[in-house]
Amino acid sequence: MTHSLVNPYPAGQDAVQRIALGAFAIGLLALVIAAFGPGEEFPQLFFWLAVVLGPTGGAVYAVRNFLHRPAGVRNEQVWHRSLFNRGMVAWVFGIVLTGFYIALYWGPDSYWGSAALVRVFDPLSNLLTGSPADRWFLYGAVYTMAVLVMGLRAIAKYRHSNYQVVRTGSIMFFQLGFAFLIPQFLKAMDRPEFYFSYFWPLKPDYLWPEGGYYSFQWILDKGGLGLWMLLFAGVMTFIATPVLTYFFGKRWYCSWVCGCGGLANTAGDPFRQLSDKSLKAWKVERWMIHSVLLIIIAITLLLWVNSFLGGSILGNLSHTLSKLYAFIIIQAFSGVIGVGFYPLLGTRVWCRFGCPMAAYLGILQKYFSRFRITTNGGQCISCGNCSTYCEMGIDVKAYAQRGENIVRASCVGCGICATVCPRGVLKLENGPTHRDREVGNPIVFGNDGFRLRP
Amino acid sequence: MEVRSIVIIGNGISGITAARHIRKRCDDAITVISAESEHFFSRTALMYIYMGQMKYAHIKPYEDRFWEKNRISLRNARVAEVDFEERNLSFSDGSTMEYDVLILATGSSSNRFGWPGQDFKGVQGLYSLQNLESMERDTQGIGRAVIVGGGLIGIEMAEMLATRRIPVTFLVREEGFWNNVLPKEESDMVTRHIRSHHIDLRLSTELKEITADEGGRARAVVTTAGEEIPCQFVGLTAGVHPNIDLVKNTPLETDRGILVDSFLRTNMPDVYALGDCAQHREPQAGRASIEQVWYTGRIMGETVAATVCGEPTAYRPGIWFNSAKFFDMEYQTYGTVPAQPRQGSDSLWWEHPNGKQGLRIVFDSRTKAVLGFNAMGIRLRHTVCDQWIREGAHLDQVIKNLKQADFNPEFTPFAVRY
Ligand SMILES: Cc1cc2nc3c(=O)[nH]c(=O)nc-3n(C[C@H](O)[C@H](O)[C@H](O)COP(=O)(O)OP(=O)(O)OC[C@H]3O[C@@H](n4cnc5c(N)ncnc54)[C@H](O)[C@@H]3O)c2cc1C
Ligand code: SF4
Ligand code: SF4
């Protein structure tokens, strides 16, 4: 018989995949074993197993899994699998992830200070910073590895779309360079551990006079470089952000630079379909995200006034306030719920409901940006793929089937709706001006084809 | 004005678009009846449920509360009979209902050509939700499926089965895939693409009969060439025909479909028909009398709503367009693209060396006015193509400005070169 009888979607995996999967499993196992003590005794061995071999195996396995199959939208069987359909496996995974975050943020120093698990990362930390790892180094390294490994997977999965390939490359680059290596090097040189890819209001303390760990004063104390950093932070927040968002929409940040979005679009990619698309969720989203932004603006103003008045309004309260913010918003929301609940609520829960930067960018995008998603005339068949795979829970088809452009504050411009549309209906575009973006497109009407919507 | 009772039979794209637009225009009572499902769903997306790409809830274009909010009553029941004189419907459960205006949007049924064995278990078409359920049930753990009939539904079924890792043999009567619609180059391209997905595509091959095991379940198909292909599931996808069972042997005039004038009126007063089930007495030049696609159903829905609400509007669908996806290959078409070279028109065909992208521009041989486009693996901008065809733009102009019609994602080089 001809080659055409060979099955295109092989049930089993080939030898390379099996070996890679084995390597990944060994890495995972090594991590668990190391945590129970041996990591302290043999950091080198466990480093090679858990930090080098495991992730490499994972990457090879995931990439090959897609290269095996034809290039194209490969979302088949997603809803048939427990892990991606809120089944048992998803719950177990969600609980493990959540547990990790709880231990990370609120685990006692007494544990983390001597944790064998952290020692496994010493070789890497020593190499980069010249000093042993701590829990935050461990977290940064694991996070970055997740973005890199799953980023490679995303590139393999979406290799038929240049937009996805370039964009995924960008988020991997910014995570590795700007959110991991540069801050580590700075720390090693006894400079402020500064993240050039995060700005106020996502990192509000960069523009706080005091209180936050990375506050103004703390950075200034680090000398001339600190001054430049503050200047950079100010320019990014107040000048670069509005300008870039005007030309490209909020995607320049949320889908090309930001590490939270980066994790969502790489490690979180298999879970993006779980976002809630209901009108109700949209209402809750608008209330929540704008409230967070308001709270941050209020705290920031309060802290500055307080600082000008020499601490006379708040006294020590400013410290408590910023601590509380870090606890509720950053740790509980963006970490525990935002990432821990990936398998249950979908990927961009934090970006959609909690992130103050997204709120700020969203307001700019909604009212003053050239970005829009264009609908291709009458070609929509209302199939629902776009809405299903929109991680922000936007009911894209509701617009597409009416021939309307999609202009939504929450759209992060990930481009997946356009990638999965089977009829070529959607296109992310930066128009010539912001004025024409919400004008109804011509839609198809019975009486002689196109007619402009009233 | 008194409130009329407008009853629509069929909750597909045609009936639902009519209901939505009637609601936008007037205050009459609207009831939509369907035997198939409680709510409107996208028939075009049925395949994705089987493929596990979406669940039923995802293919419903509106949230469930939409209907009540817009005062559109839904009734999940089968109409057994229509009494056009008394303006009365009776349901299969014995209940009845009166109407002032009746809109028939009953859709299509799958063709079955009386093949021996076509009623065995594991033999079916793909049209309704119920078909999807039986396909789910009858393809569990099978070793091979055979699909008969090389149209759009056939290729969708092949893709569905392939994603479940079920080997597929695809019997196509014609010597090129879908070559009654696609010109040779496009047809060849799709043929290659189907084979690259490891479908056992057999061109110029016809079904003779289906044989069954003792349990009455399909066990093999036999082709007219005499070859026996063992299989446990047979998909019959040799086209569809208007579903007019309900109105046969009634005063309503029918031919292959329910006959309508350009205002979608039937021969009975206040009775309209549209979508897949309608047959136009006088189709617009260059258009078929029966059009069984999503878009025309939607356009007819908008048109009939205007007419019913006191603004008589003829169905004039404008420039033809359509689209499909063959496995991973997208296809869009605008205007007139004949399958066979036609007197008076010529065409240019460009094909990427990768063999997966192509663009055909059809133009008038004498005036060089552009008449149509076929895009394979390329996305074209509907508004721009529509305008070019409508204005009869000159071929040279179109080629020069082709990038204006580029609708591909950013960072995609526009590769087309003539
Ligand atoms: C698998 C598949 C894929 C397709 N893909 C595409 C595509 O990609 N692009 C495209 O343009 N077209 C596509 N089509 C065609 C398109 O779906 C149809 O043209 C369109 O759905 C027809 O809509 P309609 O409203 O006229 O009829 P239907 O959607 O068929 O709706 C008719 C409804 O009326 C109900 N009904 C009939 N009789 C009765 C009765 N006596 N009592 C109660 N209810 C009754 C039926 O149960 C049915 O629910 C596809 C079709 C199929 C089957
Ligand atoms: S609308 Fe499209 S581009 Fe925007 S967030 Fe949703 S999937 Fe991404
Ligand atoms: S825009 Fe595309 S993906 Fe979305 S409903 Fe329409 S055809 Fe489907």
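Residues numbered from 1 in each chain as written. Chains lettered and ligands numbered in written order. Predicted model: local features only at pLDDT ≥ 70, side-chain atom pairs only at ≥ 80, totals over all residues. Heavy atoms only, no water.

**Considering the overall build of chain A**
And step 1. Scanning chain A for helices and strands turns up 21 helices and four strands.
And step 2. The globule rule puts the C-alpha radius of gyration for 454 residues at 22 Å, and the 23 Å found for chain A is close to it.
And step 3. Each of the three principal axes of chain A carries a C-alpha extent, and together these read 70 × 65 × 35 Å.
And step 4. Taking all 454 residues of chain A together, 58% fall into the buried category. (Helix = DSSP H or I, 4+ residues; strand = E, 2+ residues; numbered from the N terminus. Rg over C-alpha atoms; globule rule 2.2 N^0.38 Å. Buried < 20%, exposed > 50% of the residue type's maximum accessible area, 1.4 Å probe, protein only.)

**Some remarks on unusual backbone geometry**
And step 1. That bond from Trp200(A) to Pro201(A) is cis: its omega, 5°, falls within 30 degrees of zero.
And step 2. Relative to the elements of secondary structure, Pro201(A) occurs in the loop between helix H9 (162–188) and helix H10 (216–220).
And step 3. In this structure, His198(B) is a non-glycine residue whose phi angle is positive, near 65°.
And step 4. Within the secondary structure, His198(B) is located in the loop between helix H6 (184–196) and strand E12 (200–202).

**Let's talk about the confidence of the model for chain A**
And step 1. The predicted model of chain A has a mean per-residue pLDDT of 89, with 93% of residues at 70 or higher.
And step 2. Across residues 1–8 of chain A, where pLDDT falls below 50, the model places 12 contacts with residues more than four positions away in sequence or in other chains. (pLDDT = per-residue confidence, 0-100. Contact = heavy atoms within 4.5 Å.)

**Structural notes on the packing of aromatic side chains**
All names here are of chain A.
And step 1. Applying the stated criterion across every chain, the model contains 45 aromatic pairs over all chains.
And step 2. An angle of 80° between the planes, with centres 5.6 Å apart, marks the rings of tyrosine 101 and tyrosine 139 as edge-to-face. Linking tyrosine 101 in helix H4 (residues 88–106) with tyrosine 139 in helix H8 (residues 135–157), this pair joins segments that are 38 residues apart in sequence.
And step 3. Taking relative accessible area as the criterion, tyrosine 101 reaches 2% and is therefore assigned buried.
And step 4. On the accessibility criterion, tyrosine 139 (16% relative accessible area) is buried.
And step 5. Relative to phenylalanine 196, the ring of phenylalanine 194 has its centre 4.9 Å away and its plane inclined at 65°; by these criteria the two rings are edge-to-face.
And step 6. For phenylalanine 194, a relative accessible area of 1% corresponds to the buried category.
And step 7. On the basis of relative accessible area, phenylalanine 196 is assigned to the partly exposed category, the value being 22%.
And step 8. Each residue in the set Phe100, Tyr101, Tyr105, Trp106, Trp136, Tyr139 and Tyr143 is aromatic and connected to the rest through ring pairs, giving one cluster. (Phe/Tyr/Trp six-rings, centres within 6.5 Å; stacked < 30°, edge-to-face > 60°.)

**Concerning the nonpolar core**
And step 1. Core analysis: the largest hydrophobic core is formed by 120 residues, its most contacted members being Leu102(B), Ile103(B), Phe170(B), Phe326(B) and Phe373(B).
And step 2. Looking at which element gives the most residues to this core, the answer is helix H7 (residues 294–308) of chain B, with seven residues.
And step 3. Every residue in contact with Leu102(B), bar those within four places of it in the chain, is listed here: Val7(B), Ile9(B), Val82(B), Phe84(B), Leu89(B), Asp270(B), Val271(B) and Tyr272(B).
And step 4. Counting residues in each nonpolar core, the second largest holds 110 residues, with Ala50(A), Tyr158(A), Tyr325(A) and Val420(A) among its members. (Core = buried A, V, L, I, M, F, W, Y, C linked by side-chain atoms within 4.5 Å.)

**A word on the sheet that holds strand E14 (residues 218–223) of chain B**
Residue and element names in this part refer to chain B.
And step 1. Pairing in this open sheet of three strands is antiparallel, and the strands run E13-E14-E15 from one edge to the other. Taken across any chain shown, the strands that pair with only one partner, and hence form the sheet edges, are strand E13 (207–212) and strand E15 (228–230). The sheet shows a mean angle of 25° between the axes of neighbouring strands, direction not considered.
And step 2. By the bridge criterion, three bridges tie E14 to E15 in an arrangement that is antiparallel. When the sheet's bridge partners are listed, alanine 220 is paired in E15 with proline 230. (Pairing = 2+ DSSP bridges. Axes fitted to C-alpha atoms, helices over the stretch in contact; angles between N-to-C directions.)

**Some words on the interface of chain B and chain A**
And step 1. Contact with chain B, which involves 67 residues of that partner, is made by 65 residues of chain A.
And step 2. Of the roughly 5500 Å² buried between chain B and chain A on both sides combined, carbon and sulfur atoms contribute 48%.
And step 3. Put simply, chain B and chain A have three salt bridges between them.
And step 4. Taken together, chain B and chain A are joined by 30 residue pairs in polar contact (both at pLDDT 80 or more).
And step 5. Broken down by element, the residue count for the side of chain B that touches chain A peaks at six residues, all from H7(B).
And step 6. Counted by class, the side of chain B that touches chain A contains 25 nonpolar, 19 polar and 23 charged residues. (Buried area = accessible area lost by both parts, 1.4 Å probe. Salt bridge = Lys/Arg side-chain N within 4 Å of Asp/Glu carboxyl O. Polar contact = N/O pair within 3.5 Å; in protein donor to acceptor, adjacent residues only side chain to side chain. Nonpolar A, V, L, I, M, F, W, Y, C, P; charged D, E, K, R; others polar.)

**Let's talk about the site of ligand 2**
And step 1. Contacts to ligand 2 come from Ile373(A), Cys390(A), Met392(A), Ile394(A), Val396(A), Cys411(A), Val412(A), Gly413(A), Cys414(A), Gly415(A) and Cys417(A).
And step 2. In the shell around ligand 2, the residues fall into nine nonpolar, two polar and no charged. (Near = heavy atom within 4 Å.)

**Some remarks on a negative patch on the surface**
And step 1. There is a patch of like negative charges on the surface, built from Glu2(B), Glu81(B), Asp83(B), Glu85(B), Glu86(B), Glu98(B) and Asp100(B).
And step 2. Relative to the helices and strands, Glu81(B) is located in strand E4 (residues 79–83). (Patch = residues over 30% accessible without salt bridge, like charges linked within 9 Å, V, L, I, M, F, W, Y side chains within 5 Å. Areas by Shrake-Rupley, 256 points an atom, 1.4 Å probe, with all protein chains shown as cover. Lys, Arg positive; Asp, Glu negative; His and termini not counted. Charge placed at Lys NZ, Arg CZ, Asp CG, Glu CD.)

**Topic: the sheet that holds strand E6 (residues 96–98) of chain B**
Residue and element names in this part refer to chain B.
And step 1. Read from one edge of the open sheet, three strands run E4-E5-E6, paired in antiparallel fashion. The open sheet terminates on both sides in strands that have one partner only, identified here as E4 and E6. Pairwise comparison of adjacent strand axes, ignoring direction, gives a mean angle of 20° for this sheet.
And step 2. Of the pairings in the sheet, the one linking strand E5 (residues 88–91) to E6 comprises three bridges and is antiparallel in character.

**Topic: the state of the cysteines**
And step 1. Scanning the entire structure with this criterion turns up one disulfide over all chains.
And step 2. With its sulfur 2.4 Å from that of its partner, Cys26(B) forms a disulfide with Cys309(B). Of this pair, Cys26(B) sits in the loop between helix H1 (13–25) and strand E2 (29–34) while Cys309(B) sits in the loop between H7 and strand E21 (321–326), placing them 283 residues apart in sequence.
And step 3. Free of any disulfide, Cys260(A) has its nearest neighbouring cysteine sulfur in Cys258(A), separated by 4.0 Å. (Disulfide = S-S within 2.5 Å.)

**Focus on the site of ligand 3**
Residues and elements named next belong to chain A.
And step 1. If you check the shell around ligand 3, you find 13 residues, and the closest are Cys380, Cys383, Gly384, Cys386 and Cys421.
And step 2. Every element with two or more residues in the shell around ligand 3 is listed here: helix H19 (385–388) and helix H20 (396–400).
And step 3. Looking at the shell around ligand 3 residue by residue, the classes come out as nine nonpolar, three polar and one charged.

**Topic: a nonpolar patch on the surface**
Residues and elements named next belong to chain A.
And step 1. On the surface, Leu225, Trp228, Leu231, Val235, Phe238, Ile239, Val243, Phe247 and Phe248 cluster together to form a nonpolar patch covering roughly 880 Å² of accessible area.
And step 2. Structurally, leucine 225 can be placed in helix H11 (residues 224–248).
And step 3. Leucine 225 sits in the partly exposed class, given a relative accessible area of 32%.

**Let's talk about the packing of helix H3 (residues 43–67) of chain A against H8(A)**
Residue and element names in this part refer to chain A.
And step 1. Axis separation between H3 and H8 bottoms out at 8 Å; the angle between their running directions is 15°. Comparing their axes, H8 and H3 come out roughly parallel. Here H3 and H8 pass one another in a crossing that is right-handed. Mapping the contact onto sequence places Val51, Pro55, Gly58, Ala59, Ala62, Val63, Phe66 and Leu67 in H3 and Met145, Val149, Leu152, Arg153, Ala156 and Lys157 in H8.
And step 2. Among the residues forming the contact of H3 with H8, the class breakdown is 11 nonpolar, one polar and two charged. (Parallel < 35°, antiparallel > 145°, perpendicular 65-115°, else oblique. Left-handed = near helix turned anticlockwise from the far one by under 90°.)

**A short note on the domain arrangement of chain B**
Residues and elements named next belong to chain B.
And step 1. Domain parsing of chain B yields domain 1 (5–109 + 241–308), domain 2 (123–238) and domain 3 (321–405).
And step 2. Distance from the C-alpha centre of domain 2 to the C-alpha centre of domain 3: 30 Å.
And step 3. Contact with domain 2, which involves 22 residues of that partner, is made by 19 residues of domain 3.
And step 4. Of the roughly 1700 Å² buried between domain 2 and domain 3 on both sides combined, carbon and sulfur atoms contribute 69%.
And step 5. Looking at the side of domain 2 facing domain 3, the largest losses of area belong to Glu186, Met189 and His193, adding up to 33% of the total buried there. (Domains from an automatic or database assignment.)

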